[in-house]
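Residue strings, one per chain:
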Amino acid sequence: MQPGDLWRKPRLCYRAGVLDILLRGARLPGAATLQDLGVVNGRLGLPEPEARLTMDLKGALVTPPLVEPHIHLDAVLTVGQPRPNLTGSLFEGIAIWADRVKSLTVEDVKRRAEKVLRWQLANGVQHVRTHVDVCDPELRALRALVELRQEIGDQMDLQLVAFPQQGIFSFEGGSELMRRAVGLGADVVGGIPHYELTRELGIKSVEFTFALAAEHGLRVDIHCDETDDDHSRFVEVMAAETIRLGMAGRVTASHTTAMHSYNNAYAYRLIRNLARAGMHVVTNPLDNSVLQGRFDSYPIRRGHTRVKELMEAGINVCIGHDSVMDPWYPLGYGDPVQAAFVLAHYGQMSGAEELPRLIDMITCNPARALGLEDYGLREGGSANLVVFDAASETDAIRLVPRRRLVLRRGRIVARTEPARTTVVWDGREEAVDFQP
Ligand code: 17E
Ligand code: FE2
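Residues numbered from 1 in each chain as written. Chains lettered and ligands numbered in written order. Predicted model: local features only at pLDDT ≥ 70, side-chain atom pairs only at ≥ 80, totals over all residues. Heavy atoms only, no water.

### Considering the coordination of the iron ion (ligand 2)
- Those protein atoms acting as donors to the iron ion (ligand 2) are His70 (NE2), His72 (NE2), His223 (NE2), His255 (NE2) and Asp322 (OD), and they sit at 2.2 to 2.6 Å.
- Donor residues for the iron ion (ligand 2), ordered by position in the chain, follow H-x1-H-x150-H-x31-H-x66-D. Of this pair, histidine 70 sits in strand β6 (residues 66–71) while histidine 255 sits in strand β11 (residues 251–255); the two residues are 185 residues apart in sequence, bridging distant segments of the chain.
- The exposure class of histidine 255 is buried, given its relative accessible area of 1%. (Donors = N, O, S within 2.8 Å, 3.2 Å for Na, K, Ca; no water. Helix = DSSP H or I, 4+ residues; strand = E, 2+ residues; numbered from the N terminus. Buried < 20%, exposed > 50% of the residue type's maximum accessible area, 1.4 Å probe, protein only.)

Next comes the structure, spelled out in structure tokens:
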């Protein structure tokens, strides 16, 4: 499923008649020439001469909706509460969050999460998978997000992961909370094996997560090996469970930063097993560029998963945002393109063929990991799309521009007035468009 596939060959019109919207001069991902797109009854059809609204995109990049495969909406906008993260480490972040959880209310979580969902929609994101901490005996965060999922209706799609931030077997009652979370309506089962008290409990936690997911027909998405410790090797257990239970395509390993520190012989074997298992991987360049390597003296490791090697082995790799202004990461406004921009640098993906792939990693790749149906720019498919204020995928990464237009089921759900910048040069004011 490539974003532009079905537009390359013109076919019969999906439905004759007056279009609701005609977008002229769109540049679809990977396409050499510009195309016109028609929208009728909330669906994409081929262009007709007549439309209620015609917009000339003048070669602007048009993609399917951005897909956010990994965020923690329960924690967004809590940076500094109840105290700032002074070491910048993952572990201090987890301790601060445990204190903040004590004062959570359903209203507090809903208000913050909804605010960031609006930011995400403005950035073109229409599908979100959020991890939700389920270690609170009252499950306030999960109850809040279950309510919010219901309230936002069809405006955006929200998947909830039952995420045990403090571990499943590291405190009394953890496994029971996971079961209750599934009963309350979690869509996906999570885990955090590298945070369990022992290696044995880590393995047991992965097995528990898979068993719970298999029992209820749910997907799996585990925070796995998010550490610089090269002895943290739980992704291999995930691969083994995926193969044993026949769950190919339904399992995601998130973070997997320890892979950076594995020896090459071990990484080689592991990556082949992940490919064999049909697992997805989510890398989170924003958080992990600041969280990892905090215990190193120089040289400081990047502490990042092996994106290029995973992709070369045919594994579906996606980019997640992870945090927006929380105990782990104080920056961000929910824009996946910012995360892609950071990965271009931090993952050394600046090659001419690598840059466009970063757009796949925030669109069609996570759409696969989330199991989305009716995704992509297809004739007859839902008219869900994003217009960038940029002419190509590379320019979308270079400029991290605002999204000019976001359509959902053929309706305009976000737009940005084009910015106009001028400089005064030799005493004369002139426009600057940052184009060579
Ligand atoms: N929790 C965790 O374990 N790791 C993270 N990167 C975040 C929350 C953001
Ligand atoms: Fe995370």
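### Regarding the pairing of strand β13 (residues 316–319)
- Both faces of β13 are covered, namely the face carrying Asn316 and Cys318 and the face carrying Val317 and Ile319.
- Relative to β13, strand β12 (residues 280–283) runs parallel, the two being bridged by four bridges. The residue of β13 that forms the bridge with histidine 280 is asparagine 316. (Pairing = 2+ DSSP bridges.)

### A look at the pattern of salt bridges
- This structure, assessed with the given rule, holds 24 salt bridges.
- Between lysine 110 and glutamate 151 there is a salt bridge; the shortest N-O distance is 2.7 Å. Here lysine 110, found in helix α2 (residues 106–122), pairs with glutamate 151, found in helix α3 (residues 140–152); they are 41 residues apart in sequence, far enough to count as distant.
- The salt bridge partner of lysine 308 is glutamate 354, with a shortest N-O separation of 3.0 Å. A residue pair is termed long-range when its members are at least 10 positions apart, and lysine 308 in helix α9 (residues 307–312) and glutamate 354 in helix α11 (residues 354–360) qualify at 46 residues.
- Given the relative accessible area of 30%, lysine 308 is considered partly exposed.
- In this structure, a network of salt bridges that share partners links the residues Arg100, Asp108, Arg111 and Arg112. (Salt bridge = Lys/Arg side-chain N within 4 Å of Asp/Glu carboxyl O.)

### Details of the nonpolar core
- Core analysis: the largest hydrophobic core is formed by 96 residues, its most contacted members being Leu73, Met238, Leu274, Met279, Leu358 and Met361.
- Once residues within four sequence positions are removed from consideration, leucine 358 is found in contact with Ile319, Ala340, Leu343, Ala344, Met349 and Ile397.
- In this structure, Leu23, Leu37, Leu57 and Val62 belong to the second largest nonpolar core, which totals 17 residues. (Core = buried A, V, L, I, M, F, W, Y, C linked by side-chain atoms within 4.5 Å. Contact = heavy atoms within 4.5 Å.)

### Regarding the sheet that holds strand β2 (residues 35–40)
- Reading across from one edge, β3-β2-β1-β4 is the order of the four strands in this open sheet, with mixed pairing throughout. On the outer flanks of this sheet lie β3 (43–45) and β4 (51–56), each paired with one strand and no other. For this sheet, the mean angle separating the axes of adjacent strands, direction not counted, is 25°.
- Bridge analysis of strand β1 (residues 19–26) against β2 gives four bridges, and the strand direction is antiparallel. Residue alanine 26 lies in a different strand from β2, and its bridge partner there is glutamine 35. (Axes fitted to C-alpha atoms, helices over the stretch in contact; angles between N-to-C directions.)

### Re the site of ligand 1
- Leu90, Gln165, Glu226, Asp322 and Ser323 are the nearest of the 13 residues found near ligand 1.
- Here a nitrogen atom of ligand 1 sits 2.7 Å away from a polar atom, N or O, in the side chain of glutamate 226.
- Aspartate 322 is positioned with one of its side-chain polar atoms (N or O) 2.8 Å from a nitrogen atom of ligand 1.
- Mapping ligand 1 onto the cavity grids shows that it belongs to the largest cavity. (Near = heavy atom within 4 Å. Polar contact = N/O pair within 3.5 Å; in protein donor to acceptor, adjacent residues only side chain to side chain. 1 Å grid on protein atoms, 1.4 Å probe; cavity = no way out; pocket = protein on both sides within 12 Å on 5 of 7 lines; lining within 4 Å. Sits in = over half its atoms within 2 Å of the grid points.)

### Side note on the sheet that holds strand β8 (residues 157–163)
- Pairing within the open sheet is parallel, and its eight strands lie in the order β6-β7-β8-β9-β10-β11-β12-β13. Whereas interior strands pair on both sides, the edge strands pair on one side only; in this sheet they are β6 and β13.

### Looking at unusual backbone geometry
- Cis geometry marks the peptide bond from glutamine 81 to proline 82, where omega comes out at -10°.
- Checked against the element boundaries, proline 82 lands in the loop between β6 and α1 (90–101).
- Cis geometry is adopted by the peptide bond preceding proline 299, which originates at tyrosine 298 and carries an omega value of -5°.
- The backbone phi angle of leucine 139 is positive, close to 50°, even though this residue is not glycine.
- A positive phi angle is found at aspartate 225, which is not glycine, with a value near 55°.
- Tracing the backbone through its elements, the reader meets aspartate 225 in the loop between β10 (219–224) and α6 (235–245).
- The exposure class assigned to aspartate 225 is buried, which follows from its relative accessible area of 0%.

The quantities given are spatial measurements derived from coordinates; they are silent on function.
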